[in-house]
Amino acid sequence: MDNRLTVGIDVGGTKTAAVLISSTKKILAEITEPTNRSASPEQSVEHSEALIDRLLRETHHVRRSVEAVGVGLPGLIAPDRTFRDSIILPTWLNVDFQSLLQQRLGVPVIVDNDTTMAALGHMASIPPSERPRCLVCLTLGTGVGGAVLLNGIPLRGIDGTAGQIGHITVDPAGRNCDCGSAGCLNSYASGTAITARYAELSAEGSTLEAAPEAAAKKADFREALHMGDPQAQQALTEATTALIVAISNMVNVLNPEVVVLGGGVAGLGSTLIDPVQREVSRRSFPAPARRVRVCLASHGPLTGAIGAAATAAELGSTRRPHNLSNSHSAGRETQ
């Protein structure tokens, strides 16, 4: 009977996911709900604690069963694990969220960038003998997050800003980005950017259309794309082109074996993956182009939370071994 549990929490710009994982890597429970981007760090600590208690209630476990907690946050994480700043959470500046939550829970807590946790979650799903030397991960959600794993270790840089692929310039004279620069991948391939571009194209097109046709342009982007709307297709094409440019650069510079795409936009599946794989292979140097594989995050929207839990499991096993109470539950394998 397994009684060593870890919790992973993935805070995204739109949604927050939390999972309870057993020592045998089974998902025992999961929760997904909207992110409150206006919450203060202290309120987020309280909310994280409430999520953990909900997971435990659903599986009839108690607090002392939790060995460690991992949290992925959407922002820059300093080398000392301080949350430095974020476009997604603009009021959070130099927040030691890890210490705040650890004091609240009384168990080891590990905090990292949300895309780094997603990269680690995907890596954990690959058999050890097949794991790549270099893995690049992009999360295409409210913003575009990025992470690079070298031999399974996150590339951080001396200031903790390495791997911010969302802010690679894909058009020097392009759209303004929330980071203060212009032409960033973030301004083209995030879910926010794609839907905004679709709305812009629809508004331009509506001036030439009859009223009923103009009204139809107000449909959801994904629905419009499914219906063959030309403005929706153009918005996606522009995003895909920017993504191809950025990934091709990463392939030439880092020679990764795997490029992982996660986040809400990755839910488009082969509609996104196929042209990206094809064009990245065409644009990159021949040898790395033949090697690199572009794929979807292994556990979909739960990949970041699973990565956070896996990271917490490593922390818990080294810092807080203890005997836990009996527990019972069944779940599904995470790999």
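Residues numbered from 1 in each chain as written. Predicted model: local features only at pLDDT ≥ 70, side-chain atom pairs only at ≥ 80, totals over all residues. Heavy atoms only, no water.

S.K.: How should the packing of helix H1 (residues 41-59) against helix H2 (residues 97-105) be read in this particular structure?
M.R.: Angle between the axes and distance between the axes are the two parameters that describe a pair of packed helices. Look at H1 against H2: their axes get within 10 Å of each other, and the N-to-C directions meet at 45°. One way to sum up the angle between H1 and H2 is to call them oblique. When the axes of H1 and H2 are compared, the crossing they make is right-handed. In this structure, H1 uses Pro41, Ser44, Val45, Glu46, Ser48, Glu49 and Ile52 to contact H2, whose residues at the interface are Phe97, Leu100, Leu101, Arg104 and Leu105. Classifying every residue of the contact of H1 with H2 by side-chain character gives seven nonpolar, two polar and three charged. (Axes fitted to C-alpha atoms, helices over the stretch in contact; angles between N-to-C directions. Helix = DSSP H or I, 4+ residues; strand = E, 2+ residues; numbered from the N terminus. Parallel < 35°, antiparallel > 145°, perpendicular 65-115°, else oblique. Left-handed = near helix turned anticlockwise from the far one by under 90°. Contact = heavy atoms within 4.5 Å. Nonpolar A, V, L, I, M, F, W, Y, C, P; charged D, E, K, R; others polar.)

S.K.: Help me understand the pairing of strand E11 (residues 258-262) in this model?
M.R.: For a regular strand, the rule is simple: side chains alternate between the two faces of the sheet. Most of E11 is tucked away, with five of its five residues classed as buried. By the alternation rule, side chains of E11 split into Val258, Val260 and Gly262 and Val259 and Leu261, which are all buried. Summarising the sheet, strand E8 (residues 134-140) and E11 pair through five bridges and their orientation is parallel. Among the inter-strand pairings, Val136 is bridged to a residue of E11, identified as Val259. (Buried < 20%, exposed > 50% of the residue type's maximum accessible area, 1.4 Å probe, protein only. Pairing = 2+ DSSP bridges.)

S.K.: Any chance you could explain the nonpolar core here in plain terms?
M.R.: In this structure, Leu138, Leu185, Leu243, Ile247 and Leu261 are the most contacted members of the largest nonpolar core, which totals 40 residues. Counting residues per element, the ones that place at least two in this core are E8, strand E9 (144-150), helix H4 (186-189), helix H5 (191-206), helix H7 (221-226), helix H8 (230-254), E11 and helix H9 (270-283). When sequence neighbours within four positions are dropped, the list of residues in contact with Leu261 reads Leu138, Leu243, Ile247, Ala266, Leu272, Ile273, Val294, Cys295, Leu296 and Ala297. Counting 30 residues, the second largest nonpolar core, distinct from the first, contains Leu5, Ala18, Leu73 and Val111. (Core = buried A, V, L, I, M, F, W, Y, C linked by side-chain atoms within 4.5 Å.)

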